[in-house]
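Single-letter residue listing:
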Amino acid sequence: MKQNVKVLLFLAYLGVLLLGCSDSFLENKTVPIPETVEFPPLTLEEIEEEFAKLTIETGINDFSIRIANNQTWDFRIIAPEVLDNETVPLFVNLHGGALTLRADAHKGTACLIEPALKDMKAYILSPNSKGLLWYDALNQWQVVNLIDFALKYLQVDSERVVVTGYSDGGNGSWFLSDEYPELFSAGIPMATAYGLSYENGLLQRTEIPIYAIQGELDELFPYTNTETYVEQSLSVGSDVTLVQATGLTHGEPCNYLPYLEDAISWLKTSVWNE
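Residues numbered from 1 in each chain as written. Predicted model: local features only at pLDDT ≥ 70, side-chain atom pairs only at ≥ 80, totals over all residues. Heavy atoms only, no water.

K.L.:
Quick question: what am I supposed to make of the overall build of the protein here?
P.N.:
The helix and strand inventory of the protein stands at seven helices and 10 strands. Burial analysis of the protein (274 residues in total) assigns 53% to the buried set. For the protein, the proportion of contacts with a sequence separation of at least 24, taken over those separated by at least 6, is 70%. Counting only carbon and sulfur atoms, one obtains 50% of the accessible surface of the protein, whose full area is about 11900 Å². (Helix = DSSP H or I, 4+ residues; strand = E, 2+ residues; numbered from the N terminus. Buried < 20%, exposed > 50% of the residue type's maximum accessible area, 1.4 Å probe, protein only. Contact = heavy atoms within 4.5 Å. Areas by Shrake-Rupley, 256 points an atom, 1.4 Å probe, with all protein chains shown as cover.)

K.L.:
What should I look at first to understand the sheet that holds strand β5 (residues 156-166) in this one?
P.N.:
The pairing of strands in a sheet comes from backbone hydrogen bonds and takes either a parallel or an antiparallel form. Read from one edge to the other, the open sheet built from eight strands follows the order β1-β2-β4-β3-β5-β6-β9-β10, with strand pairing classed as mixed. Each edge of the open sheet carries a strand with a single partner, namely β1 (59-68) and β10 (240-245). If you compare each strand with its neighbour and ignore which way they point, the axes differ by 20° on average. The sheet contact formed by β5 and strand β6 (residues 186-190) spans five bridges and is parallel. Across the sheet, the residue bridging to Gly165 is Pro189, located in β6. Along the sheet, helix α2 (residues 44-52) contacts β1 and β2 (71-79); its crossing angle with β1, the most-contacted strand, is approximately 155°. Of the strands in this sheet, β3 (88-94), β5, β6, β9 (210-215) and β10 are in contact with helix α5 (residues 168-179), which crosses β5 at around 140°. (Pairing = 2+ DSSP bridges. Axes fitted to C-alpha atoms, helices over the stretch in contact; angles between N-to-C directions.)

K.L.:
How do you make sense of helix α4 (residues 137-153) when you look at a structure like this?
P.N.:
Turn by turn, an α-helix covers 3.6 residues, leaving residues three or four places apart pointing in a common direction. Compared with the 24 Å implied by 1.5 Å per residue over 17 residues, the 24 Å span of α4 between its first and last C-alpha is a close match. Burial analysis of α4 places 14 of its 17 residues in the buried class, the great majority of the element. A distance of 2.8 Å separates the backbone nitrogen of Leu138 from a side-chain oxygen at the start of α4, and that oxygen is part of Asp136. (Expected span 1.5 Å × (residues − 1). Polar contact = N/O pair within 3.5 Å; in protein donor to acceptor, adjacent residues only side chain to side chain.)

K.L.:
Quick question: what am I supposed to make of the state of the cysteines here?
P.N.:
Each disulfide consists of one covalent bond between the sulfur atoms belonging to two cysteines. Summed over all chains, the structure comprises one disulfide. A sulfur-sulfur separation of 2.2 Å characterises the disulfide bridge that pairs Cys111 with Cys254. Because the sign of the S-S torsion sets the handedness, a value of about -90° for the bond joining Cys111 and Cys254 places this disulfide among the left-handed ones. You can see Cys111 sitting in the loop between β3 and α3 (113-116) and its partner Cys254 sitting in the loop between β10 and α7 (257-271), a full 143 residues away along the chain. Taking relative accessible area as the criterion, Cys111 reaches 31% and is therefore assigned partly exposed. (Disulfide = S-S within 2.5 Å.)

K.L.:
So what exactly am I meant to see when it comes to the pairing of β6 here?
P.N.:
Consecutive residues of a regular strand have side chains that alternate between opposite faces of the sheet. Of all five residues making up β6, five are buried, and the element is well covered by its neighbours. On β6, burial covers both faces: Ala186, Ile188 and Met190 on one face and Gly187 and Pro189 on the other are all buried. Handedness of the crossover is the feature at issue here: the chain leaves β5, passes through α5, returns alongside β6, and the resulting connection is right-handed. (Right-handed = clockwise from strand over helix to strand, strands pointing away.)

K.L.:
Just checking my understanding: could you explain the packing of aromatic side chains for this structure?
P.N.:
How two aromatic rings sit relative to each other is set out by the distance from centre to centre and by the angle between their planes. Under the definition given, this model contains 13 aromatic pairs. With 5.8 Å between their ring centres and 45° between their planes, Phe63 and Phe75 make a pair best called tilted. In this pair, Phe63 sits in strand β1 while Phe75 sits in strand β2, placing the two residues 12 residues apart along the sequence. According to the relative accessible area criterion, Phe75 is buried, its value standing at 0%. Taking 5.0 Å as the distance between ring centres and 45° as the angle between the ring planes, the aromatic pair formed by Tyr211 and Trp266 counts as tilted. Taken together, the positions of Tyr211 in strand β9 and Trp266 in helix α7 put the pair 55 residues apart, joining distant regions of the chain. Side by side, Tyr211 and Trp266 carry an identical accessibility label, which is buried. Here the aromatic residues Phe51, Phe63, Trp73, Phe75, Trp141, Phe149 and Tyr153 are joined through ring pairs into a cluster of three or more. (Phe/Tyr/Trp six-rings, centres within 6.5 Å; stacked < 30°, edge-to-face > 60°.)

Listed below in structure tokens is the structure:
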């Protein structure tokens, strides 16, 4: 998977001009403009300027910022009330059904991620996949840069950024944990079928802790498949916890809530050492 994605990014690099990178974690990992972006695109600096102008109030904020002629990044930011000089965690929430183009897909935060974080002061960033898998170069470009902007313009603790998601969002969570471990303190994939990363034919270790939650009766992504992925990842030294969601099928994301709440407790005690 990793090798294929790198080939895609390299082809995108050859096909288009690169965006300039500002001082950030992107200095050492350039993310090219994906070949699917219409031209003329805005520069990354222009897109960042649009983000910097956003008025982000406590509670739910839904935004759309232009990246090219008729293309936008659509995303939700749920902001806590923070004190001056206070920094808080950021949870990047990737929605399921990524291949289905839905204008409001990123707004489905009410039954899982919001209640799971009701007792935690944290930002939630929920982008829209625009009908593409989260592995797609365009979505990598979107998510990585939105996180970068959040770190610059919101009161985010850079040591407590977490990626999570359900179904396609869970696959994307594990993928981004593999590809961009410098961004995240942990990944919490749910209802996943992620096939792990290989480079030069060798299985790669996931560099950050993973807490994977999988439905016992998931008919789309069987539990035994995910169990096999986890065992393989553990064999190369990954730190992965697998939790079985008893009796749950694939179409029950809201019923994952108590399991996600347990994952948040794990995050606090085992990763952040609170």
